[in-house]
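# Structure assessment
One-letter residues, chain by chain:
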Amino acid sequence: MIKIKLDDSHVSVNDSCKTKKSILEKISDLLSRPSGVSRDHIFKKLYEREKLGSTSIGKGVAIPHARIEDIEYPFLSIIILDEPVEFDNIDSLDVDIIVSIIVPEKNYNDHLELLACLSSKLDNSSVRKELRQARNSSQIINNFQSDDLEYI
Amino acid sequence: MKVGILLVTHSDIGKQLLLTATSVFGKNPFQVELLSVDNYDQPNDVKELAEKYVKFLDNGAGVLVLTDIIGTTPSNIASSINHGKIKVVAGLNLSMILNVFNYPEKTLDQLSIKALEGGIQGVSKI
C-alpha cells in the first residue's frame, strides 16, 4: 500500500487550460503549496520529463510525472479540461484528463507502482467517462479509490 | 495500440540520446521511459524496476527494450526481464532511435527489426 497526498485543493474540474505548457504550470500551482516545493521547481521537473517524450498514455489521458527531492510523500493532482488540448499525444486523441504525480526522489519503486496503478485505472473506459462527467472534486477523488493506495 | 519503449543504459547515455533524437526528429512519437544503471546498483533491484517499467509501458502492443553495450549489466538486466511481449535490442545509438521514431505504427516484431537496421546503418566508415 502506497501512502499518497490528495485532497480537494489538488483537483481542478472544468479547467480551461489551452496548452500543454499551461497544464504543467497549473499542476505546479496546485501542488506547490501542499508540497512546500516551489512552483518553478515542480514545473522545471515536469517540463524536463516531457522533453524526453510525452507522458500521454493515449485515449485522452496524460500522466505527467517527476521525482523531486525534499518531499516526504508522493502528491497526486488531477485536472479535467473542458476542451481537449494537444499534448504531443501518442494517439490521435487530444488530452482532457491529466493525472499528475510528484514522488520523492529516492522512492523509485513507489514511483513505478503509482504509474502502473494509475495507468491501469485510467485504462478503464467507465472511469474515464465518470471523470469527464464529474462536476466537483469529490466526484473526481472517488474514482481514485484503490486497494493499493492510501490517501493521507 | 502502440509499442512502448524502455531504454536501459549506463548512467545518462539513454537520456542524452533520447533528448538529441527527439530534438533532431522534432518529436518523440512513442511512450518512452528510461532506466539508468550505475555501478553501485544491485542488478536484482534494477531488474525489478525494469519489470515494473515494462508492465507500465505495455498497453497490449508490447515493449521494445533498447540497451547499450551487449554483455554488460544494463544489457544483462534487459535480457533477463520477465515479460510476455518484449523484444530487446543492444548496441543503442542515435541512428537506432531515429530509425525507430520513423515507424510508430509498426508491430513490436517489425519495430525491433527497424531498431536493428537503424543501429547497424549508423555505423560506417566515412
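A brief report on the enclosed structure follows. (Residues numbered from 1 in each chain as written. Chains lettered and ligands numbered in written order. Predicted model: local features only at pLDDT ≥ 70, side-chain atom pairs only at ≥ 80, totals over all residues. Heavy atoms only, no water.)

We now examine the overall build of chain B. Along chain B, the regular secondary structure elements total five helices and four strands. Seen in sequence order, chain B has helices and strands lined up from the N terminus as β-α-β-α-β-α-β-α-α. Taken over C-alpha atoms, the radius of gyration comes to 13 Å for chain B, in line with the 14 Å a tight globule of 126 residues would show. Projecting the C-alpha coordinates of chain B onto the three principal axes gives extents of approximately 35 × 35 × 20 Å. Out of the 126 residues belonging to chain B, those deemed buried represent 48%. As presented, chain B carries roughly 6,200 Å² of accessible surface, and 52% of it is formed by carbon and sulfur atoms. Taking the average place of the 11 positive charges on the side chains of chain B and the average place of its 12 negative ones, the gap between the two points comes to 8 Å. (Helix = DSSP H or I, 4+ residues; strand = E, 2+ residues; numbered from the N terminus. Rg over C-alpha atoms; globule rule 2.2 N^0.38 Å. Buried < 20%, exposed > 50% of the residue type's maximum accessible area, 1.4 Å probe, protein only. Areas by Shrake-Rupley, 256 points an atom, 1.4 Å probe, with all protein chains shown as cover. Lys, Arg positive; Asp, Glu negative; His and termini not counted. Charge placed at Lys NZ, Arg CZ, Asp CG, Glu CD.)

Here we come to the packing of helix α2 (residues 43-57) of chain B against helix α3 (residues 73-80) of chain B. Residue and element names in this part refer to chain B. One way to put it is that α2 packs onto α3 with a least axis distance of 9 Å and a crossing angle of 50 degrees. Between α2 and α3, the angle is such that the two are oblique. Between α2 and α3 the crossing geometry is right-handed. Each of Pro43, Val46, Lys47, Ala50 and Glu51 in α2 lies in contact with α3, whose residues at this interface are Thr73, Ile77 and Ser80. Its residues placed into classes, the contact of α2 with α3 shows four nonpolar, two polar and two charged. (Axes fitted to C-alpha atoms, helices over the stretch in contact; angles between N-to-C directions. Parallel < 35°, antiparallel > 145°, perpendicular 65-115°, else oblique. Left-handed = near helix turned anticlockwise from the far one by under 90°. Contact = heavy atoms within 4.5 Å. Nonpolar A, V, L, I, M, F, W, Y, C, P; charged D, E, K, R; others polar.)

All names here are of chain B. The parallel open sheet is built from four strands, whose spatial order is β2-β1-β3-β4. With one partner strand each, in any of the chains shown, β2 (31-37) and β4 (86-90) form the two edges of the open sheet. Averaged over all adjacent pairs, the angle separating strand axes in this sheet is 20 degrees, with direction ignored. Judged from the seven bridges that link them, strand β1 (residues 4-10) and β2 form a sheet pairing that is parallel. Across the sheet, Ile5 pairs through a bridge with Val32, a residue of β2. (Pairing = 2+ DSSP bridges.)

Now for the environment of Gln139 of chain A. Mapped onto the fold, Gln139 of chain A is located in helix α5 (residues 137-142). Each C-alpha atom, one on Gln139 of chain A and one on Ile23 of chain A, is 21 Å from the other, the two residues being 116 residues apart in sequence.

Any two aromatic rings considered together are summarised by their centre-to-centre distance and by the angle between their planes. Tallying each qualifying case throughout the model produces four aromatic pairs over all chains. Each ring, one from Tyr108 of chain A and one from Tyr53 of chain B, has its centre 6.2 Å from the other, and the planes form 85 degrees; the classification is edge-to-face. One end of the pair, Tyr108 of chain A, is in helix α3 (residues 108-122); the other, Tyr53 of chain B, is in helix α2, on a second chain. In terms of burial, Tyr108 of chain A and Tyr53 of chain B fall into one category: buried. Through a chain of ring-to-ring contacts, the aromatic side chains of Phe25, Phe30 and Phe101 of chain B assemble into a single cluster. A cation sits over an aromatic face here: Arg67 of chain A above Tyr108 of chain A, 4.0 Å from the ring centre. (Phe/Tyr/Trp six-rings, centres within 6.5 Å; stacked < 30°, edge-to-face > 60°. Lys NZ or Arg CZ within 6 Å of the ring centre and 35° of its normal.)

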